[in-house]
Amino acid sequence: MKAKLSVIRPLAALAVLLAVVVVVAQWDTAEAVTYNPTFAASISDAEAGANADVTTLFNVPVGDANFDVLITFTPPDFARGAGDVPLGAYVAGIEAQSTLGLLNNVCITALPVSFTMMNATTSTADTVSFDDGFADLDGDTLPDAVGKYPAFLNTMFPGLTPIARSYGQTSVAGTPVSMNYVIFAPGSALPGLPAFDASLGYISVSALNDPTAELAPGSITDFCTPLGSASTTFGISKDNPETTAADESGFVVRTNPTAGGDYTFSSFARSIPDADNDGIDNDMDTCPFDVNEGDSRVAGDGDNDMDGIDNVCDPTPDEADQDHDGDVYLNRGDNCPLVNNPDNADSDGDRIGDACDPSPNTVDGEPIEVWGTVVVTITGEVVAETPEVTPEVTPEVTPEVTPEVTPEVTPEVTPEPTPEPPVVGGAGLLGSDDGGFPMWAIYVIGMAAALMLGSIGTAATVVWRRRR
Ligand SMILES: [Ca+2]
Ligand SMILES: [Ca+2]
Ligand SMILES: [Ca+2]
Ligand SMILES: [Ca+2]
């Protein structure tokens with residue numbers, strides 16, 4: 001299957017959406033694959049104890065390999081609310097920009113995708129299928145994936161129960177698409193990923209559609225770079241106007257640390273591998289085991305007949321055939337473009353189908369793993385005088401805390417002589433893990449990059465992809 005993504009752009013910058021935009025992309029001559037994503041984080045209010053909105057950006061430059069896994073961490077000092085946020089309440093928003101190759105063409109289509117995330121259940125026993133999750137069979141004016149737990153998440157995270165989850169859905173080219181943000185407690189062990197120290201904080205993973213499903217033939221034949229996403233998690237929930245029963249606004253989702261100081265947000269991202277080291281990741285490379293003559297991401301470069309298969313492995317380099325093996329997957333969207341494999345099964349998740357993968361259970365190519373960190377400075381300090389108001393202190397005692405209660409915490413804040421600007425944070429280039437990150441916590445936003453979903457048809461995109 002393919003994973004995909006999206007590109008990230010600051011919310012405000014996404015003014016030009018809706019329309020499909022043509023992107024002029026340029027790549028250098030093929031060399032070893034590159035992977036230099038950037039990560040940034042900022043908060044709307046830097047004051048200690050404030051219920052600030054946190055925005056996380058993830059961006060992969062044009063020409064880089066796409067990402068396979070993206071996880072964000074939020075420092076543990078950013079306390080989570082009492083867990084009383086109503087189902088359906090708006091708790092986050094995602095704006096992403098994906099770059100796609102449609103119908104066997106090169107990467108020239110930029111498509112924005114956005115999601116309004118609703119607070120959703122973490123009760124893993126009461127499940128709903130991916131398809132039924134979009135419907136409202138119980139008539140509560142919310143998609144059923146809000147009140148019930150998507151079954152595929154239990155497949156992705158067997159035996160694990162998240163501490164929070166939010167769900168959003170939209171439509172891309174007429175096809176319903178969903179996004180789940182799943183947040184796990186610090187130190188949780190997630191399958192297929194390295195161990196994350198609890199000091200990193202809350203672990204946030206995003207799953208676009210159902211990552212466990214095989215990609216079906218569709219109009220989207222390539223998920224390209226650049227891609228990016230901006231994800232904003234609200235400090236206080238907002239009302240969901242789609243529901244008529246209640247006002248879901250005013251509930252605490254998260255609270256800034258009570259002590260001023262520097263806090264580090266971190267992000268972990270793993271690239272899609274490049275088996276032949278020709279600079280084109282396996283997902284984009286129709287000749288994954290042969291160094292391409294040209295750059296397959298550029299129309300006609302090294303592809304005489306422009307059918308998406310580079311001359312180096314095209315059986316008929318001067319005779320175009322958009323679906324060479326006749327299995328209905330167009331060449332660029334086929335993980336074995338020269339082997340008829342109707343299911344496109346890919347056991348090891350390296351984007352090379354089992355039918356043409358000499359080592360179907362071992363990833364071909366070395367994924368590049370990078371870490372990114374952003375330091376956010378919190379100012380002032382909350383005087384520990386009203387502990388009952390602090391969500392994390394007595395979570396179960398004040399389940400019905402009303403919106404107005406929280407604001408009272410602010411007066412207790414003792415600003416420092418030289419307060420910092422309200423919005424802090426910055427962008428940092430993700431660099432190879434040097435193991436030097438002191439104490440982060442997590443939060444996670446995953447970003448969304450994966451926005452685009454798998455093929456517009458059925459596909460499954462994945463922000464986070466499971467490996468066996
Ligand atoms: Ca190649
Ligand atoms: Ca060709
Ligand atoms: Ca095939
Ligand atoms: Ca494979």
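The model shown is predicted, which means the values in this text are computed figures rather than measured ones.

On a plain count of helices and strands, the chain comes out with two helices and 20 strands. Long-range pairs, those at least 24 residues apart, make up 73% of the contacts in the chain between residues at least 6 apart in sequence.

On to the pairing of strand β12 (residues 175-184), then. Across the ten residues of β12, eight count as buried, placing the element largely inside the fold. Where strand β11 (residues 164-172) lies against β12, nine bridges are found, and the strand directions are antiparallel. Note that in β12 the partner of Ala-164 across the bridge is Ile-183. Here six bridges tie β12 to strand β13 (residues 202-208), and the two strands are oriented antiparallel to one another. Its bridge partner being in β13, Val-182 is matched across the sheet by Val-205.

We now examine the environment of Ala-259. Take Ala-259: it is sitting in strand β16 (residues 259-271). The spacing of Ala-259 and Val-382 is 123 residues in sequence and 6.4 Å in space, taken between C-alpha atoms. Ala-259 has contacts with Ala-48 and Glu-381, leaving out every residue within four places of it along the chain.

Let's shift gears to the pairing of strand β3 (residues 38-43). Most of β3 sits inside the fold, with six of its six residues counted as buried. Side chains of β3 alternate between two faces, with Thr-38, Ala-40 and Ser-42 and Phe-39, Ala-41 and Ile-43 buried alike. The pairing of β3 with strand β4 (residues 54-60) spans six bridges and is classified as antiparallel. Bridging across to β4, Ala-41 finds its partner in Thr-56.

A few words now on the confidence of the model for the chain. Confidence in the prediction of the chain, expressed as mean pLDDT, is 80, and 75% of residues score 70 or more. This model gives residues 1-30 a pLDDT under 50, and the stretch forms 103 contacts once residues within four places in sequence are excluded. For residues 393-468, every residue scores under 50 in pLDDT, and the model assigns this stretch 305 contacts once sequence neighbours within four places are set aside.

Okay, the environment of Val-328 next. Mapped onto the elements of the fold, Val-328 is located in the loop between β16 and β17 (369-381). Spatially, the C-alpha atom of Val-328 lies 6.5 Å from that of Pro-217, the residues being 111 residues apart in sequence. In this view, Val-328 contacts Pro-217 and Asp-323; residues no more than four positions away in its chain are not counted.

Omega for the bond connecting Thr-225 with Pro-226 falls within 30 degrees of zero, at 10°, which places this linkage in the cis form. Of note in this structure, Leu-103 is not a glycine but carries a positive phi near 50°. Note on placement: Leu-103 falls in the loop between β7 (90-102) and β8 (107-120). For Leu-103, a count of 13 C-beta atoms within 10 Å corresponds to the partly exposed category. Phi at Asn-209 is positive, roughly 50°, even though this residue is not glycine. One can find Asn-209 in the loop between β13 and β14 (220-238). Taking the number of C-beta atoms within 10 Å as the measure of exposure, Asn-209 has 30 and is therefore buried.

Calculation criteria
- Residue numbers here run from 1 along each chain, matching the order of that chain's written sequence.
- The lettering of chains begins at A and the numbering of ligands begins at 1, in the order of writing.
- Thresholds applied to this predicted model are a pLDDT of at least 70 for local features of residues and 80 or more for the giving and counting of side-chain atom pairs; totals over whole chains, interfaces and linings are not thresholded and use all residues.
- Secondary structure elements are taken from DSSP: a helix is a run of H or I of four residues or more, a strand is a run of E of two residues or more, and numbering for both begins at the N terminus.
- What counts as a contact here is a pair of residues whose C-beta atoms, placed from the backbone, lie within 7 Å.
- Residues are called buried when their C-beta atom has 20 or more other C-beta atoms within 10 Å, exposed when it has 12 or fewer, and partly exposed otherwise; all C-beta atoms are positioned from the backbone.
- Strand pairing follows a simple DSSP-based rule, namely that at least 2 bridges must link the two strands.
- pLDDT measures how confident the predictor is about each residue, on a scale from 0 to 100.

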